[in-house]
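Residues per chain, in single letters:
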Amino acid sequence: MRILLLLWSLGPMLWQLHTSLQPPESLVTPAGAPESAGWTLANYRLILSADPPFWRYLLNSTVVGAATTVLTLAIAVPCAYALQRRRGIVGMAATLLLLAAALFPTVLLFLALLELARGMGFANHLLALGLPYAALCLPLAVLLLRAAFADLPPELEDAARLEGLNLAQRLRHVLMPLIAPPLASTAILVFLFSWNEYPIALTWISRNDLLTLPTAMARIAGSSVYTVPYGALAAATVVGSVPLLLLMLVFQRRIVAGLTQGAIKG
Amino acid sequence: MSTDGLVLDGVSRRVGGRFLLRRLNLRVGAGECLALLGPSGCGKSTTLRLVAGLDPVSEGRILLGERDITGLPAGRRQVAMVFQSYALYPHLSVEGNLALGLRVRGVEAAERQRRIAAVLELLQLQELRERRPAELSGGQRQRVALARALLRQPRLVLLDEPMSNLDAQLREELRPELRRLLVGAEQPVLYVTHDQQEALGMADRIAVMEQGRLQQVGTPRQLYDDPANRFVAEFIGRPAINLLAADEPRQVVGVRPEHVRPEPAGALPARVERREWWGHQQLVWLETPRGRMRMLTPGDASLRESLHIGWSPERELRFAADSGERIP
């Protein structure tokens, strides 16, 4: 059963990896024709030597992802704290609004966002992309972190208050270290969102050297009218997923811990 | 009484129109330990939080050493508190727990080291200084919480059920220790508990509270001998006092089980229903014409199933049936 599940989720990825290592011709040769010999890195060479080279998109995505994550957390942590402290009608209303915002279909925003980008000169600025990304991530981030703050025993903060720690000191020395696991998992979720986001990046960024991974990949796919460069696309997918995979491996335990922590006492 | 102590002057706490605490007047002298005793929800923890500055006072004033601290933020009151859960910072070592407050207040490193070393020695925590709270036993955690409180050189110590997370034996062992460490220095100590034995053992005076109101303040002896009302009479003294219908209308008579004794025939007839043998004493449940009663007698007393009981009249406590007030 487990192996079946593993195959189910890993199968496509392994196939992608396999495809990326095939010489470009082998994919279009008819089935039954003699297999070409062995694996090749030709696809990787192709995308890395293109103009701009593929690692450029990787860098772009990383910059946007980092900016989004930092911005989101910088706003979400104080919000979540305040929301968790503020009980009663106001807190309830704010939480409900957040939930509504989290569930809002983002498709409806694209046109307006495009107008905004044009009007405020945000088009073709990588860091500006962090603004809508952070805005879209904030509701979920605030809700996750609010649950994390709610899990902390209130006496801890009382003790810190009595010891003379002001709000900033309490957050820095007591509360933030204690919510580190959910903080890390929230950060990763935000980073993932930004890494995978396609429509906004597509509408805001047009300059070739500023594309993020998803848009760059779409360009590869649509680069020719007559053929789809499966090999190159597969290679791009692999290169694009490796950093994420590494990130996940490093923080895996924290993500799981953080997610379940929020889930138990939501 | 010295003016260095803590004074609560008509202090109330109201939340949404409901009184959690109603016009409390209380005085704790320098070096005195006062226990706030009462069932849960009686306002004792509320009182502590008001004095600590963790919750705002709705009415009245709090004075510490003749200075009005009612509006002062918690961190500037020089008040230390030991929480029921101890509230140790889980991510810091014992030493880190002690150091954080000093560091934030800008105490220099050398001075910090000196004070931490002194308090670690006082509480015999030197070997545990590197440990995290999760690696400590309940008793050790309590000592660390105590160390953190003493380190502040507070002008007032507040203890919120500090023993309730410990097992009974440890509690008894720690009581004299806690008293030695806390009481007798200059600062007043306010001790919240729902356990009367703990209050009797720890405190110089006890304030009994119920439903946000102070019922009576006094030495343990005064509360026991001379309770102001039926609630105090029932709350202080174990096993609890017997309450019987009185001959006079609208009155209730209280007789403590330890004052009930077997009498020659002619007194109140009684039948033994059940016994609990405690070694040095036995508690006997009796069925009498005036209702069920409990009698505490020496463990070796031999009792017949049917007997007569009585008590000396001056042991009787009389209360008004409706208000519960004591009738002298």
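Residues numbered from 1 in each chain as written. Chains lettered and ligands numbered in written order. Predicted model: local features only at pLDDT ≥ 70, side-chain atom pairs only at ≥ 80, totals over all residues.

Another aspect to go through is the overall build of chain A. A count of helical and extended segments in chain A gives 13 helices and zero strands. Along chain A, from the amino end to the carboxyl end, the secondary structure elements read α-α-α-α-α-α-α-α-α-α-α-α-α. Scored against the burial criterion, the 266 residues of chain A give a buried share of 34%. (Helix = DSSP H or I, 4+ residues; strand = E, 2+ residues; numbered from the N terminus. Buried ≥ 20, exposed ≤ 12 C-beta atoms within 10 Å, placed from the backbone.)

The helix and strand tally for chain B stands at eight helices and 19 strands. Taken across its 328 residues, chain B has 40% of its residues classed as buried. Here the analysis covers contacts within chain B between residues at least 6 apart in sequence; of these, 62% occur between residues at least 24 apart. (Contact = placed C-beta atoms within 7 Å.)

The next point concerns the nonpolar core. By size, the foremost hydrophobic cluster in this structure holds 146 residues, and its most contacted members are Leu145 of chain A together with Ala35, Leu158, Leu190 and Tyr191 of chain B. With 15 residues, helix α7 (residues 130–151) of chain A is the largest single contributor of residues to this core. Discounting residues that sit within four places of it in the chain, Tyr191 of chain B has contacts with Cys33, Leu34, Ala35, Leu36, Leu159, Met202 and Ala203 of chain B. (Core = buried A, V, L, I, M, F, W, Y, C linked by C-beta atoms within 7 Å.)

Bringing the interface of chain B and chain A into the picture now. Taken together, the 18 residues of chain B in the interface contact 15 residues of chain A. Listed by contribution, the elements that provide at least two residues to the side of chain B that touches chain A are β6 (79–82) and α2 (94–104) of chain B. Across the side of chain B that touches chain A, the residue classes break down as twelve nonpolar, four polar and two charged. (Nonpolar A, V, L, I, M, F, W, Y, C, P; charged D, E, K, R; others polar.)

Here we take up the sheet that holds strand β15 (residues 281–288) of chain B. Residue and element names in this part refer to chain B. Spatial ordering of the open sheet is given by β13-β17-β14-β15-β16, a layout of five strands whose pairing is antiparallel. Bordering the open sheet on either side are β13 (261–263) and β16 (291–298), each of which pairs with just one other strand. Across the sheet, the mean angle separating the axes of adjacent strands is 55° when strand polarity is ignored. In terms of strand pairing, β15 meets β16 through eight bridges, oriented antiparallel. Bridge pairing in β16 links Glu287 to Arg292. (Pairing = 2+ DSSP bridges. Axes fitted to C-alpha atoms, helices over the stretch in contact; angles between N-to-C directions.)

Here we come to α2 of chain B. All of the buried residues in α2 of chain B are Val94, Asn97, Leu98, Ala99, Leu100, Gly101 and Leu102 of chain B. Packed against the buried residues of α2 of chain B are α9 (167–178) of chain A together with α3 (109–122) and α4 (138–151) of chain B. Residue Gly106 of chain B follows α2 of chain B closely and has a positive phi angle near 80°.

Residue and element names in this part refer to chain B. Taken domain by domain, chain B holds domain 1 (1–78 + 158–174 + 186–238), domain 2 (89–153) and domain 3 (239–327). Once you take the C-alpha centre of each, domain 1 and domain 2 turn out to be 27 Å apart. Domain 1 puts six residues into the contact, and the matching count from domain 2 is four residues. (Domains from an automatic or database assignment.)

Here the focus is the sheet that holds strand β11 (residues 242–245) of chain B. All names here are of chain B. Here four strands make up an open sheet; going across it, the order is β11-β12-β18-β19 and the pairing antiparallel. Looking along the sheet, the strands with just one partner apiece sit at the ends: β11 and β19 (326–327). The pairing of strand β12 (residues 251–255) with strand β18 (residues 317–320) spans four bridges and is antiparallel. Following the sheet pairing, Gln251 is matched in β18 by Ala320.

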